Amino acid sequence: MHLLEEKIKKEGRVLSDTVIKVDSFLNHQIDPQLMKEIGEGFAERFQQAGITKILTLESSGIAPAQMTGLSLGVPAIFARKRKSLTLNDHLYSAEVYSFTKQQTHEISVSKDYLTAEDTVLILDDFLANGQAALGLVDIVEQAGAALAGVGIVIEKGFQDGRKRLLDKGIRVESLAILSSLENGEVRFAEEEASV
Ligand code: G4P
């Protein structure tokens, strides 16, 4: 997606060789027009997959999941990171370890919204080590639902999340793949392929 790559180049702030801040359009302020195109991009890739539910993790996955749900005409569910007063024991739960934040969260989804009848598309804003995506895969497996694949807005291609998902036979579709953030410079995977 050309528009997304331009936005990353223009507004992304490289914080280190492994982390990029994209608060101006994805992680804090949200660009609705870009989000609409992101939703259409995922819908195009998964149009034929018979998706009945989108599954993401709060908070930054919600905007792209909602727009993809709108394009595919299906609901979007977000797994919660904290137990709410109204989320009780009627839950699927999984543990997710964040390397970036060095914390483990228990994520949960109500059994009311995901069943063995569903075909699920997992979506997230970033793919780094794949821990969040694997936690969501665990929840889909607990529900006995079918998994159509994982859609990612920005993949850090220099970390091993994709490999972990492919090793489990899961289809991965990323709209932008970063090949490097070294020396404060954003490089995309295709850029390297074409030089
Ligand atoms: P993993 O799930 O692929 O293993 O990733 P990791 O543990 O490293 O990421 C934990 C959190 O940090 C996730 O957000 C993820 O989206 C985010 N993240 C990872 N790498 C980057 C990066 O280079 N830039 C930015 N901006 N975020 C990154 P989260 O804790 O779920 O936060 P949120 O969804 O509430 O915003």
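Structure shown above.
Residues numbered from 1 in each chain as written. Predicted model: local features only at pLDDT ≥ 70, side-chain atom pairs only at ≥ 80, totals over all residues. Heavy atoms only, no water.

Asker: How would you summarise the packing of helix α1 (residues 2-11) against helix α3 (residues 32-46) if you had to cite specific residues and measurements?
Answerer: In contact at an axis separation of 10 Å, α1 and α3 are set at 140° when each is read in the N-to-C sense. By the angle between their axes, α1 is oblique relative to α3. The two elements α1 and α3 meet at a crossing, and its hand is left-handed. Here α1 contributes Leu 3, Leu 4 and Lys 7 to the contact with α3, which in turn contributes Leu 34, Glu 37 and Ile 38. Tallied by class, the residues present in the contact of α1 with α3 amount to 4 nonpolar, no polar and 2 charged. (Axes fitted to C-alpha atoms, helices over the stretch in contact; angles between N-to-C directions. Helix = DSSP H or I, 4+ residues; strand = E, 2+ residues; numbered from the N terminus. Parallel < 35°, antiparallel > 145°, perpendicular 65-115°, else oblique. Left-handed = near helix turned anticlockwise from the far one by under 90°. Contact = heavy atoms within 4.5 Å. Nonpolar A, V, L, I, M, F, W, Y, C, P; charged D, E, K, R; others polar.)

Asker: Kindly report on the side chain of Ser 108, identifying the contributing residues and their values.
Answerer: As for its placement among the helices and strands, Ser 108 is situated in strand β6 (residues 103-110). For Ser 108, the residues in contact, after removing those within four places along its chain, are Ala 79, Arg 80, Lys 83, Leu 91, Tyr 92, Ser 93 and Ile 139.

Asker: Describe helix α4 (residues 62-72), naming the residues involved and giving the relevant values.
Answerer: Of the residues making up α4, those classed as buried are Ala 63, Pro 64, Ala 65, Met 67, Thr 68, Gly 69 and Leu 72. Taken together, the buried residues of α4 touch α3, β3 (53-57), β4 (76-79), β7 (119-127) and β8 (146-156). Positive phi shows up at Gly 73, right after α4, with a value of about 70°. (Buried < 20%, exposed > 50% of the residue type's maximum accessible area, 1.4 Å probe, protein only.)

Asker: Lay out unusual backbone geometry with the relevant residues and their values.
Answerer: With an omega dihedral of -5°, the bond running from Glu 58 to Ser 59 counts as a cis peptide bond. Looking at the secondary structure, you find Ser 59 in the loop between β3 and α4. One non-glycine residue, Gln 102, adopts positive backbone phi at about 50°. With a phi close to 55°, Asn 183 is a non-glycine residue in the positive phi region. Tracing the chain through its elements places Asn 183 in the loop between β9 (172-180) and β10 (187-188).

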